[in-house]
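# Tertiary structure, described
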Amino acid sequence: GEHQDELGHLVNTLNAMLDNLETAYRELSDSHAAQRRFVSDVSHELKTPLTTIRGNIDLMIRMGEEQPEVRREALLDIASEVKRMSRLVSDMLVLARADAGFTIPLQPVAVDQVLEQVARQARMLSEEVDFHLHLAETCRDVKIMADPDYLRQLLLILLDNAIKYTSPQGWVELAAHCTDGRIDVQISDNGMGIDEGEINHIFERFYRLDKSRPTGGTGLGLAIASWITQQHGAKLTVKSQLHQGSVFTVTFPTVREQLIEEKIQQTEG
Ligand code: ADP
């Protein structure tokens with residue numbers, strides 16, 4: 001009834017807003033080509049869930065009263081599209097911050113603690129996938145210059161992908177190896193892997209290998225991961241074989257305890 005009409009109106013308004021946004025950006029000069037493409041991609045990505053929401057609202061208006069099951073299904077669909085849209089918006093905000101030249105402030109962070117925290121979160125992402133944490137003894141008490149929140153976000157993007165793109169009976173491993181001056185954090189899976197020809201594209205915004213696969217992903221995860229990596233003075237590399245699995249490695253420079261103490265004293269004194 002009334003609520004459904006209101007919801008329908010809201011969807012139409014959002015659609016019109018996206019159209020205006022697109023037109024406004026199209027009028028910007030060519031030097032803004034990259035941003036223009038981003039806005040038009042974003043707009044497209046937001047319109048797809050809006051169309052699904054619109055369709056489900058129509059369905060509820062037509063049949064919802066007599067068929068509670070139809071109504072329930074439609075509402076579940078709407079809920080999942082809304083979730084997808086809010087994921088998109090928060091991912092876009094991170095990238096907008098990156099584009100605006102925001103730099104992540106860094107502080108000394110104990111890597112082992114972050115890895116253990118992230119591992120606990122990764123275990124909750126899937127009940128089927130076999131998850132392992134392998135933390136080398138040499139990494140005990142090793143510190144890097146980082147932001148704990150962004151560091152967690154980076155590792156969770158890679159872990160979430162590993163879990164998403166492996167088979168339900170597959171395995172995922174988070175491992176850390178430390179040598180003098182550096183730490184390699186590896187996220188491995190024995191999932192579907194990535195074709196050699198596509199590997200250079202996966203870090204691009206909105207790039208997805210198989211768009212028809214409903215993974216709930218935004219296609220922005222690895223673009224965000226690249227930015228966070230770069231902000232940490234780290235390096236992100238990937239090795240993958242189709243149908244065999246993938247290994248994503250983040251290499252951070254480590255900070256010696258003594259240097260950290262000196263830095264803290266400098267800033268305090
Ligand atoms: P998405 O939201 O689609 O996961 P990402 O930017 O995180 O977007 O990843 C881009 C694409 O790279 C994914 O759509 C997927 O095709 C591919 N990909 C990322 N991680 C893996 C992995 N561990 N195994 C296989 N393919 C992957």
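Just so it is clear, the structure is predicted and the values come from calculations on it, not from any experiment.

Our focus in this paragraph is the pairing of strand E6 (residues 235-241). Relative to strand E7 (residues 245-255), E6 runs antiparallel, the two being bridged by seven bridges. Paired with leucine 236 across the two strands is valine 250, which belongs to E7. Linking E6 back to E7 in an antiparallel pair, the connection comprises three residues, with histidine 243 at a positive phi of about 70°.

So, on to the site of the ligand. The ligand sits among 19 residues. The nearest are Tyr165, Arg208, Thr218, Gly219 and Leu222. The separation between an oxygen atom of the ligand and a polar main-chain atom of glycine 219 is 2.8 Å. Bound to the protein, the ligand loses 98% of the 540 Å² it would expose on its own. Elements with a minimum of two residues in the shell around the ligand: helix H5 (148-164), helix H6 (221-231) and E7.

Right, let's get into unusual backbone geometry. At aspartate 141, a position not held by glycine, the phi torsion is positive, near 65°. With respect to the helices, strands and loops of the structure, aspartate 141 is situated in the loop between strand E2 (130-135) and strand E3 (143-146). Residue class for aspartate 141 comes out exposed when judged on its relative accessible area of 60%. You will see that histidine 243, though not glycine, has its phi angle at about 70°, which is positive.

Cut-offs applied
- Residues numbered from 1 in each chain as written.
- Predicted model: local features only at pLDDT ≥ 70, side-chain atom pairs only at ≥ 80, totals over all residues.
- Heavy atoms only, no water.
- Pairing = 2+ DSSP bridges.
- Helix = DSSP H or I, 4+ residues; strand = E, 2+ residues; numbered from the N terminus.
- Near = heavy atom within 4 Å.
- Polar contact = N/O pair within 3.5 Å; in protein donor to acceptor, adjacent residues only side chain to side chain.
- Areas by Shrake-Rupley, 256 points an atom, 1.4 Å probe, with all protein chains shown as cover.
- Buried < 20%, exposed > 50% of the residue type's maximum accessible area, 1.4 Å probe, protein only.

Limitation: the analysis is restricted to geometry and does not speak to function.
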